[in-house]
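Summary of structural features
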Amino acid sequence: DVKVTQSSRYLVKRTGEKVFLECVQDMDHENMFWYRQDPGLGLRLIYFSYDVKMKEKGDIPEGYSVSREKKERFSLILESASTNQTSMYLCASGRGPGNTIYFGEGSWLTVV
Amino acid sequence: GIQVEQSPPDLILQEGANSTLRCNFSDSVNNLQWFHQNPWGQLINLFYIPSGTKQNGRLSATTVATERYSLLYISSSQTTDSGVYFCAVEPNRDDKIIFGKGTRLHILP
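Attention here is on the structure that accompanies the text. Values in this document were obtained by computation on a predicted structure and should not be read as measured data.

1. Examining the interface of chain B and chain A
At the interface, 20 residues of chain B touch 26 residues of chain A. Carbon and sulfur atoms make up 55% of the surface buried where chain B meets chain A, a total of about 1,800 Å² over both sides. Taken together, the connections running from chain B to chain A amount to one salt bridge. The closest approach of N and O atoms between K96 of chain B and D59 of chain A, which form a salt bridge, is 3.9 Å. Connecting chain B to chain A are six residue pairs in polar contact (both at pLDDT 80 or more). For the side of chain B that touches chain A, the secondary structure elements donating two or more residues are β4 (29-37), β5 (43-48), β9 (83-91) and β10 (98-99) of chain B. Ranked by residue count, the leading element in the side of chain B that touches chain A is β4 of chain B, at four residues. Within the side of chain B that touches chain A, the residues separate by chemical class into eight nonpolar, seven polar and five charged.

2. A word on the sheet that holds strand β3 (residues 19-25) of chain A
All names here are of chain A. Strand order in this open sheet of four strands is β1-β3-β8-β7, and the pairing throughout is antiparallel. Looking along the sheet, the strands with just one partner apiece sit at the ends: β1 (4-6) and β7 (65-70). Averaged over neighbouring strand pairs, the angle between their axes works out to 20° when direction is ignored. Bridge analysis of β3 against strand β8 (residues 73-78) gives six bridges, and the strand direction is antiparallel. Residue E22 lies in a different strand from β8, and its bridge partner there is S75.

3. Re the packing of aromatic side chains
Tallying each qualifying case throughout the model produces nine aromatic pairs over all chains. Seen in terms of ring centroids, Y35 of chain A and F99 of chain B are 5.1 Å apart; in terms of plane orientation they differ by 80°. Their pairing is edge-to-face. Separated into two different chains, Y35 of chain A in strand β4 (residues 31-38) and F99 of chain B in strand β10 make up a pair that spans both. We note that Y35 of chain A, like F99 of chain B, is buried.

4. Things to note about the sheet that holds strand β8 (residues 69-74) of chain B
Residues and elements named next belong to chain B. Taken together, five strands build an open sheet; the order of strands is β1-β3-β8-β7-β6 and the sheet is antiparallel. Here the strands that pair on one side only, and so sit at the sheet edges, are β1 (4-7) and β6 (52-56). Neighbour-to-neighbour, the strand axes of the sheet open up by a mean angle of 15°, direction not taken into account. The pairing of strand β3 (residues 19-25) with β8 spans six bridges and is antiparallel. Residue pairing across strands places C23 opposite S70, the latter belonging to β8.

5. Some thoughts on the side chain of T103 of chain B
All names here are of chain B. As for its position among the elements, T103 is in strand β11 (residues 103-108). Within the local environment of T103, its side chain forms a polar contact with the backbone oxygen of P8, the two atoms lying 2.6 Å apart. If we skip the residues at most four places from it in the chain, T103 touches Q6, S7, P8, P9, L21, G83, V84 and Y85.

6. Re the pairing of β6 of chain B
Residue and element names in this part refer to chain B. Of all five residues making up β6, only zero are buried, and the element is barely covered by its neighbours. In terms of strand pairing, β6 meets strand β7 (residues 59-64) through five bridges, oriented antiparallel. Within β7, the position partnered with N56 by the bridge is L59. Where β6 folds back onto β7 in an antiparallel hairpin, the turn is made up of two residues, including G57, whose phi is positive at roughly 65°.

7. Remarks on the state of the cysteines
By definition, a disulfide is the covalent link that joins the sulfur atoms of two cysteine residues. Considering all chains together, one arrives at two disulfides over all chains under this definition. The disulfide partner of C23 of chain A is C91 of chain A, and the gap between their sulfur atoms is 1.9 Å. Around the S-S axis, the bridge from C23 of chain A to C91 of chain A shows a dihedral of about -80° and counts as left-handed. Of this pair, C23 of chain A sits in strand β3 while C91 of chain A sits in strand β9 (residues 87-94), placing them 68 residues apart in sequence. Look at C23 of chain A and you get buried, because its relative accessible area is 0%. Disulfide pairing places C23 of chain B opposite C87 of chain B at an S-S distance of 2.0 Å. Taking the torsion about the S-S bond as the criterion, the C23 of chain B to C87 of chain B disulfide, at about -55°, is left-handed.

Definitions and limits used
Residues numbered from 1 in each chain as written. Chains lettered and ligands numbered in written order. Predicted model: local features only at pLDDT ≥ 70, side-chain atom pairs only at ≥ 80, totals over all residues. Heavy atoms only, no water. Contact = heavy atoms within 4.5 Å. Buried area = accessible area lost by both parts, 1.4 Å probe. Salt bridge = Lys/Arg side-chain N within 4 Å of Asp/Glu carboxyl O. Polar contact = N/O pair within 3.5 Å; in protein donor to acceptor, adjacent residues only side chain to side chain. Helix = DSSP H or I, 4+ residues; strand = E, 2+ residues; numbered from the N terminus. Nonpolar A, V, L, I, M, F, W, Y, C, P; charged D, E, K, R; others polar. Pairing = 2+ DSSP bridges. Axes fitted to C-alpha atoms, helices over the stretch in contact; angles between N-to-C directions. Phe/Tyr/Trp six-rings, centres within 6.5 Å; stacked < 30°, edge-to-face > 60°. Buried < 20%, exposed > 50% of the residue type's maximum accessible area, 1.4 Å probe, protein only. Disulfide = S-S within 2.5 Å.

Any functional reading would require information beyond the geometric quantities listed.
Quick look at the structure:
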């Protein structure tokens, strides 16, 4: 079975803190994705990566950065957390174009 | 960029009823997937269906790529079918995967 693991299920952080969300997949997938999910807005793509050290902006990259130093790990970084980044964050991975993607369980982030 | 619209946004049905969920997309796609998000937030892939029809038990899906829409059918609904159903597309010549806003389905016992 494919396993996508997100490091933290629930986090509470203060405004201005630097936040790291980690995602690890065990299927040697080329592509990895970070989405955020907000009520009424569905899933919105923040960043994705199609290879180690490669990244592409999604639809809402502002306020976020990413890192992919190893194929299995894709990190989402909030340089200075703000209250409007309170959300559920979902990581996914897949083999590339034309293939199914698989999701982690999600990370609920609250910024106070 | 590509637009993905799902309808209806909300649906409340009695157990045993049938339902049809729709996904329209604004441009050509390589791939289309349907997901179910359970009440705990986990997203599960239901179908990978860039074209044609597939069936899995009480669920089936049809994508008509030339007309840019896909339908998800749920027959004999059960309370465990409750949750949010998402359609996701992969635009041509792009590695992105873009989601619609989902259809929230509530099955009453």
